[in-house]
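Here is what each chain is made of, one letter per residue.
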Number of protein chains: 2
Amino acid sequence: MANATIRDVAREAAVSVASVSRVLNGHSNVRPETRRKIEDVAARLGYFPHAGARNLSTSRAHAIGVVLPDLHGEFFSEALRGMDRAASERGLHLLLSNLHDGERAVEMLHTMRGRVDGLVIMAPHIDPDRLLAGLPPSIPSILVNCATSRDDCPTLRVDNFGGAAAMVRHLVSRGRRGIVHVSGPTSNVEARARIDGYEAAMVEAGLTPRVLIGDFMEEAGAAAAAEILRAPDGVDAIFAANDMMAIGALIALRDAGVAIPDQIAVAGFDDIPLARLISPSLTTMRVDIADIGARAIARLADAIAGTPDHRLELSTPELMIRDTTKTSPRQSGEKQGKAR
Amino acid sequence: MANATIRDVAREAAVSVASVSRVLNGHSNVRPETRRKIEDVAARLGYFPHAGARNLSTSRAHAIGVVLPDLHGEFFSEALRGMDRAASERGLHLLLSNLHDGERAVEMLHTMRGRVDGLVIMAPHIDPDRLLAGLPPSIPSILVNCATSRDDCPTLRVDNFGGAAAMVRHLVSRGRRGIVHVSGPTSNVEARARIDGYEAAMVEAGLTPRVLIGDFMEEAGAAAAAEILRAPDGVDAIFAANDMMAIGALIALRDAGVAIPDQIAVAGFDDIPLARLISPSLTTMRVDIADIGARAIARLADAIAGTPDHRLELSTPELMIRDTTKTSPRQSGEKQGKAR
DNA sequence: CTGCTTGATGTAACCGGTTACATCAATCAA
DNA sequence: TTGATTGATGTAACCGGTTACATCAAGCAG
């Protein structure tokens, strides 16, 4: 039942454990016939080295710990996909760990010590400074989309501010003036940055910002659309802080018979697969999450190899112009003819 | 730099490693003042136990290895979500590992020995018997959606045959007769089972099966739709082996001006989130993948705890009737009026 | 034939925990 | 007083690998 150990193999092959270890690790200084004998015995005994023991003696786990809040939503699974790709290229495994509450969070991180060589931390909802303070300094880490004031930890972040501003400028260039932002929860760092970018670009364009606070869920988008329909007030564009809310708004507007984009333009953020498939297709800021995940792993692998790394790296989202913002606004029905 | 060890703590607190270990693991037989002294020293030194070493001596890794082909698509990320949930409930971590080619597959599995307590294997594209043959018998495993002839390994599988047959019966009940199946790659076990279920139900209904072989990708669905449009041949329903292909077909038909579902009905399999959101919304067989993942972990946890488990468990997909099959077919345009 | 180099192999310490067992002092019944 | 019991603590083996260093035989120059 229990597996054979290296000592079993050594005994059976009448050699020392050192020779077996050398054969297993492909060292060259072993006589061919000895090597063959050991290989034969290992095969006969169905021997495979115990990775845990190997980790302990080499103090390399060949694994990266990935700490994230919840796998819900496309965001994290995409990130995971990118990490997984980058990790398996480098012969690394990924050790997943959920981080629900902030209380057990630090403790959880320590659980990882000795089983991973590095840590990717994605926790937009947890105070990262507290997290970092409790972090074992001996284990290289990288923060992904965390707001931290500390600059002594490698960080990878989406340029949410710049992306939101770029979207506003796009809408303005299409002649939109009444641009409402449907935001994420203000406790979320990313949501905050997008609000700030939106407001900055609005002010820059001489327009008055108007923010409806949402929660990144489809329903919040629908609710925002409903509120806008109740008091249109010159609104000719809805810019949601993520695609799901944009889609919620889109469907609500469509159901209410509003012409998109002629009457009201809609824009999102993230470019989830759905954005391209829904009709009318959704203009959005593409965030290449898988790429960010892959880069996190790459940087971590470098850090583990010894390259020091304390940089903040920003990933710039890309504007994807689709049907929901294709045209300039058209005054609806009997309102004043061609006034601005 | 390097972290403190249990011996450092013992020396500093002037006690033995055994006492430190006892305190760490919450054993009761330690004098309160000794306990406090040790806790103080541990905190002062920033000591946290090395999980790898602990694993080695207890031979419990508190981790489940998850072996899957590729994170692509919603399928695996959903499964992962369910597993993650079930695992963190039980204090287990998930160790991910990609399994691309079949060659390095067995080797890969052994890489896991000593770092996981059990294995979830999802590999619809790899010959599972070969996989199992090379599997270390000492490590409990469960196969998810694998075709295997062996019945000595716990297995969890979607009833693809039954699901496909149920979908055909639904279409037939809606008056469809020219039902084409767009399949997945025939090397894939799940695709095969869906083909078989489709064919069986068609024959049962006295209809002639017609299968177009696809590859589970959106484009394959579009291509199948194009082919059908080239030679309609009485086709009034497309049943794709997964939702992505169904959506590909849906969009292609819509772009070609085909009325859905009046002229051609469309159905998929999986019920990805997109299915509900696209318009017209897609009829499909709901597979609760997250639940399957969670059950895999649960059964594995039981097996690790000692409960023997050699059952095959089938998960029955549920028919989700949406817009793409809502109505009965209507003859298009100037064709024969109310024939049939 | 001697001394030195070289390559293959073995010995044992080490990685950092856990834990069976030994030890020892204190308590208590006889 | 003494032997048994109990509870706290220490010692050292063990988990299963890796590897620095020791050992030893063979090859070879002088």
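Just so we're clear, the structure is a prediction, and the values are computed from it rather than from any experiment. (Residues numbered from 1 in each chain as written. Chains lettered and ligands numbered in written order. Predicted model: local features only at pLDDT ≥ 70, side-chain atom pairs only at ≥ 80, totals over all residues. Heavy atoms only, no water.)

K.L.:
Lay out the protein's contact with DNA strand D in plain terms, naming residues and giving numbers.
P.N.:
By nearness alone, 28 residues border DNA strand D, and Ile-6, Arg-7 and Ser-21 of chain A together with Ser-16 and Thr-34 of chain B come closest of all. Backbone atoms, meaning sugar and phosphate, form 58% of the atoms of DNA strand D found within 4 Å of the protein. With respect to DNA strand D, the side chain of Asn-25 of chain A contributes an N or O atom lying 3.1 Å from a phosphate oxygen. Interatomic distance of 2.9 Å between a side-chain N/O atom of Tyr-47 of chain A and a sugar or linking oxygen of DNA strand D. Put simply, the parts of the chain that give the surface near DNA strand D at least two residues each are α1 (6-13), α2 (17-24) and α4 (51-58) of chain A together with α2 (17-24) and α4 (51-58) of chain B. Of all the elements, α4 of chain A adds the most residues to the surface near DNA strand D, at five residues. (Near = heavy atom within 4 Å. Polar contact = N/O pair within 3.5 Å; in protein donor to acceptor, adjacent residues only side chain to side chain. Helix = DSSP H or I, 4+ residues; strand = E, 2+ residues; numbered from the N terminus.)

K.L.:
Which residues make up the pairing of strand β4 (residues 141-144) of chain B, and what values do they have?
P.N.:
Residue and element names in this part refer to chain B. Here β4 shows no split at all, with Ser-141 and Leu-143 on one side and Ile-142 and Val-144 on the other all buried. Here strand β3 (residues 118-122) runs beside β4; their pairing, made up of four bridges, is parallel. Considered in β4, the bridge of Ile-121 is made with Leu-143. In this sheet, strand β5 (residues 155-158) lies alongside β4 in parallel orientation, the contact comprising two bridges. Paired with Leu-143 across the strands is Thr-155, a residue of β5. (Buried < 20%, exposed > 50% of the residue type's maximum accessible area, 1.4 Å probe, protein only. Pairing = 2+ DSSP bridges.)

K.L.:
Go over the protein's contact with DNA strand C, please, and point to the residues and values.
P.N.:
As a structural note, the neighbourhood of DNA strand C is formed by 28 residues, with Ser-16 and Thr-34 of chain A together with Ile-6, Arg-7 and Ser-21 of chain B the closest of them. Across the atoms of DNA strand C situated within 4 Å of the protein, the share located in sugar and phosphate is 58%. Here a phosphate oxygen of DNA strand C and a side-chain polar atom of Ser-19 of chain A are 3.2 Å apart. Thr-34 of chain A places a side-chain nitrogen or oxygen 2.4 Å from a phosphate oxygen of DNA strand C. Here the surface near DNA strand C takes five residues from α4 of chain B, the largest share from any one element. In the surface near DNA strand C, the residues fall into 12 nonpolar, 11 polar and five charged. (Nonpolar A, V, L, I, M, F, W, Y, C, P; charged D, E, K, R; others polar.)

K.L.:
Could you give an account of the domain arrangement of chain A, naming the residues involved and the relevant values?
P.N.:
Size of an interface: often given as the accessible area lost when the parts come together. Looking at the assigned domains, one finds that chain A contains domain 1 (6-49), domain 2 (62-158 + 289-316) and domain 3 (160-287 + 321-325). The C-alpha-based centres of domain 1 of chain A and domain 3 of chain A are spaced at 64 Å. (Domains from an automatic or database assignment.)

K.L.:
An account of the relation of the copies chain B and chain A is needed here, citing residue identities and associated values.
P.N.:
Superposing chain B onto chain A takes a rotation of 180° combined with a translation of 0.4 Å along the rotation axis, leaving an RMSD of 0.4 Å. Seen this way, the second copy is the image of the first under a two-fold rotation axis. It is Leu-95 of chain B whose C-alpha, among those of chain B, lies nearest the rotation axis, at 2.3 Å. Looking at the interface residues of chain B, 96% of them are also at the interface in chain A, so both copies use one shared face. (Least-squares fit on C-alpha atoms with pLDDT ≥ 70 in both. Contact = heavy atoms within 4.5 Å.)

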